Amino acid sequence: MQEMSLLSDLLEAGYQVSPQAAELITSHNNPRALINHILGSVDDSVFVIDVEDIDFTGFEEVREAEIPCKEPVANTNSANPISVLCDITDCSTCVGEYMEFVQYFRNRYSRLSEMIRGRVNARPMESLKGNRRVPGDEISIIGMVSEIKNTSNGHRLVRFEDPTGSFQVLFSMNDKDIYEQSNKLVLDDVVGVSGNLTNDGKLLIAKKLVFPDLPNMGLSKNGSQGKALFISDVHIGSNTFLQEQWDDFMTFVTRQSENPDLNKIAQQLRYIVVAGDIVDGVGIYPGQEEELTIPDIYDQYEEIAHYFNQIPSDITVVIGPGNHDAVRQAEPQPTFPERIRKMFDPRIKFVGNPALVDLDGVLVLMYHGRSIDDFVASIQGLSYSEPEKAMLEMVKRRHLSPTYGSRVSIAPEKTDHFVIDHIPDILHCGHVHTVGVKQYRGTLLINSGTWQDQTEFQKRVNVVPEPARVPVVDLATFQPTMLQF
């Protein structure tokens, strides 16, 4: 019934709509705008609108913020304004029904495919089946990766899906460049592929692979002023929490350091952005109770609140949760419950995970970073020692956590909250306890490490943390400085 309502303008104008086109239109993130575009652009000879009659290339949509279900919320510190643009808090509608999964993946496909269509003149996959193409005639598709396997000859065979069907693509090991690019594909990626059909029309031989990616903007953005500091993974309550180093850090942010250079930086601080795991939590992994100095979760939050409440009032603190915090484990995560928030000074701003925040004109995308586990496990050449490389894969995909059903538990919300619609000035992650900083096409990628020494689990899996290192960013130039405590 809802689909018929959405398509009523087309039907009333005298058009019929194929099932494939109807599904593509109604699953679009802005179907009304798309229908208006179709009515203004469809050829006069068309009576039944099919997928190939929809001019996606000419469809220029003014994209509003996709995630907010509420007006952006600003803080009351006018000196350091902050607006929360995108955040799942108070917006979750997921109950785990089948259609929610369908809507989740349709929403992802619709939004990411639109980012690719300007560079790929794609055809619906259903139209390829049974076609015999002239040799050398290049065609393109945009699809979501549903299966990756290797052939007996060592080639890579990938099945892609779109709303009309599925099709297999061969990445030949004889074409070294395209084969190497296919090494970075992971399940549920949305990408564009161009190539040639085999003689029987059953297989596409890939020649070009296109990710949504960021536009190449360089560093020409207008920034703000002052500095922002980025931390994560404090893990208060653990017996490996680095108390001495944290005390040195607190001396710095409260502007009591005896080092004049540090005091100069502290005087310029406007924001502290915290990407999750502010406490070690309780019951996160087997045997954790033996590694806790503070066994009660609320006592852990009381302890960390004691420190954050000492931060000068002219510095705005923004805190999001991680997988050790007392919120739901499934991502996207809402912010902390009221019982915890009220322990902190009211001027401290709490957000969900992920969250897009505007810090006086600087867009910061905060994500705890749990999907880095999936990237490291799936893509050859990535490691925990260089987390910025995994973050680079996020922004190339315009998606923070593409693979569903692996290490990251994801709630199938109707809107995919991990799609990177707005291009951030800064992407800030944590989780893996190592430090990485990288500039990519005008976006600064930061993983801010930890305040916890190597745990027994990390020793078993050979993860070497880089604790007590703090990235500080000049908001006017986006140039980072690394402080060591």
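Residues numbered from 1 in each chain as written. Predicted model: local features only at pLDDT ≥ 70, side-chain atom pairs only at ≥ 80, totals over all residues. Heavy atoms only, no water.

K.L.:
Talk me through the overall build of the protein; I want residue IDs and the actual numbers.
P.N.:
Counting its secondary structure elements, the protein contains twelve helices and 20 strands. Relative to its length of 485 residues, the protein is compact, with a C-alpha radius of gyration of 24 Å against a globular reference of 23 Å. Counting only C-alpha atoms, the protein reaches 75 × 55 × 45 Å along its principal axes. By the burial criterion, 57% of the 485 residues in the protein qualify as buried. Long-range contacts, defined here as pairs at least 24 residues apart, represent 68% of the contacts in the protein between residues at least 6 apart. In the structure as shown, the protein presents an accessible area of about 20,700 Å², 46% of it carried by carbon and sulfur atoms. Computing the positive centroid from 43 side-chain charges and the negative centroid from 68, the protein places the two 5 Å apart. (Helix = DSSP H or I, 4+ residues; strand = E, 2+ residues; numbered from the N terminus. Rg over C-alpha atoms; globule rule 2.2 N^0.38 Å. Buried < 20%, exposed > 50% of the residue type's maximum accessible area, 1.4 Å probe, protein only. Contact = heavy atoms within 4.5 Å. Areas by Shrake-Rupley, 256 points an atom, 1.4 Å probe, with all protein chains shown as cover. Lys, Arg positive; Asp, Glu negative; His and termini not counted. Charge placed at Lys NZ, Arg CZ, Asp CG, Glu CD.)

K.L.:
Let's hear about the sheet that holds strand β5 (residues 138-150): which residues, and what values?
P.N.:
Adjacent strands of a sheet form backbone hydrogen bonds with each other and so pair up, either parallel or antiparallel. Within the closed barrel, the five strands sit side by side as β5-β6-β7-β9-β8. Their pairing is mixed. In this sheet, neighbouring strand axes are inclined to one another by 55° on average, regardless of whether the strands run parallel or antiparallel. (Pairing = 2+ DSSP bridges. Axes fitted to C-alpha atoms, helices over the stretch in contact; angles between N-to-C directions.)

K.L.:
Mind laying out the side chain of Glu291, listing which residues take part and the relevant values?
P.N.:
Tracing the backbone through its elements, the reader meets Glu291 in the loop between β11 (269-275) and α8 (297-308). Summary of buried charges: Glu291 has no salt-bridge partner, and the nearest side chain of opposite charge, Arg460, is 6.0 Å away. Of note is the side chain of Glu291, whose polar atom sits 2.6 Å from the side chain of Tyr285. Sequence-distant contacts of Glu291, that is, excluding residues within four places in its chain, are made with Gly237, Ser238, Asn239, Tyr285 and Glu456. (Salt bridge = Lys/Arg side-chain N within 4 Å of Asp/Glu carboxyl O. Polar contact = N/O pair within 3.5 Å; in protein donor to acceptor, adjacent residues only side chain to side chain.)

K.L.:
Explain the layout of surface pockets residue by residue, including any values.
P.N.:
Within this model, the largest pocket holds a volume of roughly 720 Å³. Taken together, 26 residues line the largest pocket, and the ones lying closest to its centre are Asn323, His324, His431, Phe457 and Gln458. When residues of the lining of the largest pocket are assigned to their parent elements, the largest contribution, four residues, is made by helix α12 (residues 456-460). A per-class count over the lining of the largest pocket returns eight nonpolar, nine polar and nine charged. (1 Å grid on protein atoms, 1.4 Å probe; cavity = no way out; pocket = protein on both sides within 12 Å on 5 of 7 lines; lining within 4 Å. Points joined across faces, edges and corners; volume = space filled by probe spheres on them. Nonpolar A, V, L, I, M, F, W, Y, C, P; charged D, E, K, R; others polar.)

K.L.:
Please set out the confidence of the model for the protein residue by residue, giving values where relevant.
P.N.:
Per-residue confidence for the protein gives a mean pLDDT of 88, with 90% of residues at or over 70. Mean pLDDT per element in the protein: strand β3 (residues 73-74) is the minimum at 56, and strand β16 (residues 426-429) is the maximum at 98. When the criterion is pLDDT under 50, residues 60-68 qualifies, and its contacts beyond four places in sequence or with other chains add up to 21 contacts. (pLDDT = per-residue confidence, 0-100.)

K.L.:
Any details on the sheet that holds β11? Residues and values, ideally.
P.N.:
The strand order across the open sheet built from six strands is β13-β12-β11-β10-β19-β20, with neighbouring strands paired in mixed fashion. Unpaired on one side and paired on the other, β13 (349-350) and β20 (480-484) mark the two borders of the sheet. By the bridge criterion, three bridges tie strand β10 (residues 227-231) to strand β19 (residues 469-474) in an arrangement that is antiparallel. Bridged to Lys227 within β19 is Asp474.

K.L.:
Please provide a residue-by-residue account of the packing of aromatic side chains, values included.
P.N.:
Applying the stated rule across the entire model yields 19 aromatic pairs. Taken together, a centroid distance of 5.0 Å and an interplanar angle of 75° make the contact between Phe344 and Phe350 edge-to-face. Given the relative accessible area of 5%, Phe344 is considered buried. Residue class for Phe350 comes out buried when judged on its relative accessible area of 9%. Members of the aromatic cluster, joined through ring pairs, are Phe241, Trp246, Phe249, Phe252, Tyr301, Tyr307, Phe308, Phe336, Phe344, Phe350, Trp451 and Phe485. The ring of Tyr179 is capped by Arg156, whose NZ or CZ atom sits 4.6 Å from the centre of that ring. Over the ring of Tyr298 we find Arg339, and its NZ or CZ is 3.5 Å from the ring centre. (Phe/Tyr/Trp six-rings, centres within 6.5 Å; stacked < 30°, edge-to-face > 60°. Lys NZ or Arg CZ within 6 Å of the ring centre and 35° of its normal.)

K.L.:
If you had to explain α8 to someone new, which residues and values would you point to?
P.N.:
With twelve residues, α8 ought to run about 16 Å at 1.5 Å a step, and its terminal C-alpha atoms sit 17 Å apart, in line with that. Looking only at α8, the buried set comprises Ile297, Gln300, Tyr301, Ile304, Ala305, Tyr307 and Phe308. Projected down its long axis, α8 carries its buried residues within an arc of 155°, all on one side. Structurally, α8 contributes buried residues whose contacts are with β10, α6 (243-253), β11, β12 (316-320) and α9 (338-341). (Expected span 1.5 Å × (residues − 1). Arc of directions from axis to C-beta.)

K.L.:
Summarise the UniProt feature "domain: DNA polymerase alpha/delta/epsilon subunit B" (unreviewed entry) in the protein; cite the residues concerned and give the values.
P.N.:
On the UniProt side, "domain: DNA polymerase alpha/delta/epsilon subunit B" (unreviewed entry) is annotated at positions that read residues 229-431 here. For residues 229-431, the end-to-end C-alpha separation is 17 Å, with 27% helix and 15% strand making up the annotated structure. (UniProt positions renumbered as here; feature names shortened; annotations may be inferred.)

K.L.:
Which residues make up the pairing of β20, and what values go with them?
P.N.:
When β19 meets β20, the two strands line up antiparallel, connected through five bridges. Paired with Val473 across the strands is Pro480, a residue of β20. Between β19 and β20, which pair antiparallel one after the other, the connecting turn spans five residues, and Phe478 there sits at a positive phi close to 65°.

K.L.:
Tell me what's going on with the nonpolar core, and back it up with residues and numbers.
P.N.:
A general trend in soluble globular proteins is that nonpolar side chains are found buried together. With 42 residues, the main nonpolar core has Ile231, Trp246, Phe249, Phe252, Phe308 and Phe344 as its most contacted residues. Mapped onto this core, the elements with two or more residues apiece are β10, α6, α7 (260-268), β11, α8, β12 and β19. Here this core takes six residues from α8, the largest share from any one element. Residues within four places of Ile231 in sequence aside, it is in contact with Trp246, Phe249, Ile272, Val273, Val274, Ala275, Phe308, His428, Ser448, Trp451 and Val470. Leu214, Met391, Val395 and Leu445 belong to the second-largest nonpolar core, a separate cluster that totals 29 residues. (Core = buried A, V, L, I, M, F, W, Y, C linked by side-chain atoms within 4.5 Å.)

K.L.:
Describe the pattern of salt bridges, naming the residues involved and giving the relevant values.
P.N.:
For the coordinates displayed, the defined rule picks out 17 salt bridges. Two residues, Asp421 and Arg111, come together in a salt bridge whose shortest N-O distance is 2.4 Å. Remark: Arg111 occurs in helix α4 (residues 98-117) and Asp421 occurs in the loop between α11 (387-397) and β16; sequence separation between them is 310 residues. Taken individually, Asp421 and Arg111 each receive the classification buried, so the pair is uniform in this respect. A salt bridge links Arg407 to Asp374, with the shortest nitrogen-to-oxygen separation between them at 3.9 Å. Taken together, the residues Arg407 in the loop between α11 and β16 and Asp374 in helix α10 (residues 372-378) connect sequence positions 33 residues apart. By relative accessible area, Arg407 is classed as partly exposed at 47%.

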